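Examination of the molecular architecture
Here is how the chains run, residue by residue.
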Amino acid sequence: MSADPGAAGPTLGRDDVAHLARLARLAVTEDELDLFAGQLDTIIEWVAKVGEIAAVDVPPTSHAVPLENVFRPDELRPGLTQEQALAGAPASQDGRFRVPRILGEEQ
């Protein structure tokens with residue numbers, strides 16, 4: 001980032017934006033370089049302000065409300081037997097579901 005002696009912190013210049021665009025493999029025009037430099041500077045300023053406001057006694061959070069696991073416990077339960085599972089199938093063969101062939105025979 002370029003240093004601007006009159007600014008409160010580092011600023012992004014056209015060269016910095018061009019470098020970031022190359023890293024991201026983005027094609028940007030000369031006009032976009034100026035536009036993006038200003039926009040990115042504004043974003044960096046706001047992030048810095050948020051960093052100033054964040055107090056040491058406030059713990060970092062990723063969610064505004066606590067999360068709880070809403071899944072039921074993973075418990076072993078009886079399932080269908082092979083015969084029960086195949087009972088509703090339109091066709092079965094050798095204890096498996098019979099389905100139409102979709103691929104040719106391998107040679």
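Each remark here, short or long, concerns the structure printed above.
For clarity, every value in this text was computed on a predicted model and none was experimentally measured.

**Structural notes on the packing of helix 1 (residues 14-23) against helix 2 (residues 30-53)**
For the pair helix 1 and helix 2, the least separation of the axes is 9 Å and the interaxial angle reads 100°. Our classification of the angle between helix 1 and helix 2 gives roughly perpendicular. Across from Arg-14, Val-17, Ala-18 and Leu-20 in helix 1, the residues of helix 2 making contact are Glu-30, Leu-33, Asp-34, Phe-36, Ala-37 and Leu-40.

**Observations regarding the packing of aromatic side chains**
Scanning all chains against the criterion turns up zero aromatic pairs. Between the NZ or CZ atom of Lys-49 and the centre of the ring of Trp-46, over which it lies, the distance is 4.8 Å.

**Some words on helix 1**
Within helix 1, burial applies to Asp-16, Val-17, Ala-18 and Ala-21. Two residues or fewer past helix 1, Arg-25 is found with a positive phi of approximately 55°.

**Focus: unusual backbone geometry**
Within the chain, Arg-25 stands out as a residue other than glycine whose phi angle is a positive 55°. Turning to its location among the elements, Arg-25 is positioned in the loop between helix 1 and helix 2. In this model, Asp-94 sits at a positive phi of 55°, which is unusual for a non-glycine residue. Structurally, Asp-94 can be placed in the loop between strand 1 (92-93) and strand 2 (96-97).

**Considerations on the pattern of salt bridges**
With the rule as written, the count across this model stands at two salt bridges. The shortest N-O distance in the salt bridge between Arg-14 and Glu-30 comes to 2.1 Å. Of this pair, Arg-14 sits in helix 1 while Glu-30 sits in helix 2, placing them 16 residues apart in sequence. Since its relative accessible area comes to 51%, Glu-30 is described here as exposed. With a shortest N-O distance of 2.8 Å, Asp-34 and Arg-14 are connected by a salt bridge. Here Asp-34, found in helix 2, pairs with Arg-14, found in helix 1; they are 20 residues apart in sequence, far enough to count as distant. Salt bridges linked by common partners bring Arg-14, Glu-30 and Asp-34 together as one network.

**Looking at the side chain of Asp-16**
Within the secondary structure, Asp-16 sits in helix 1. Among buried charged residues, Asp-16 stands out as having no salt bridge; its nearest opposite-charge side chain is Arg-22, 8.6 Å away.

About the criteria used
Residues numbered from 1 in each chain as written. Predicted model: local features only at pLDDT ≥ 70, side-chain atom pairs only at ≥ 80, totals over all residues. Heavy atoms only, no water. Axes fitted to C-alpha atoms, helices over the stretch in contact; angles between N-to-C directions. Helix = DSSP H or I, 4+ residues; strand = E, 2+ residues; numbered from the N terminus. Parallel < 35°, antiparallel > 145°, perpendicular 65-115°, else oblique. Contact = heavy atoms within 4.5 Å. Phe/Tyr/Trp six-rings, centres within 6.5 Å; stacked < 30°, edge-to-face > 60°. Lys NZ or Arg CZ within 6 Å of the ring centre and 35° of its normal. Buried < 20%, exposed > 50% of the residue type's maximum accessible area, 1.4 Å probe, protein only. Salt bridge = Lys/Arg side-chain N within 4 Å of Asp/Glu carboxyl O. Lys, Arg positive; Asp, Glu negative; His and termini not counted.

As far as function goes, none of this settles anything; it's purely spatial.
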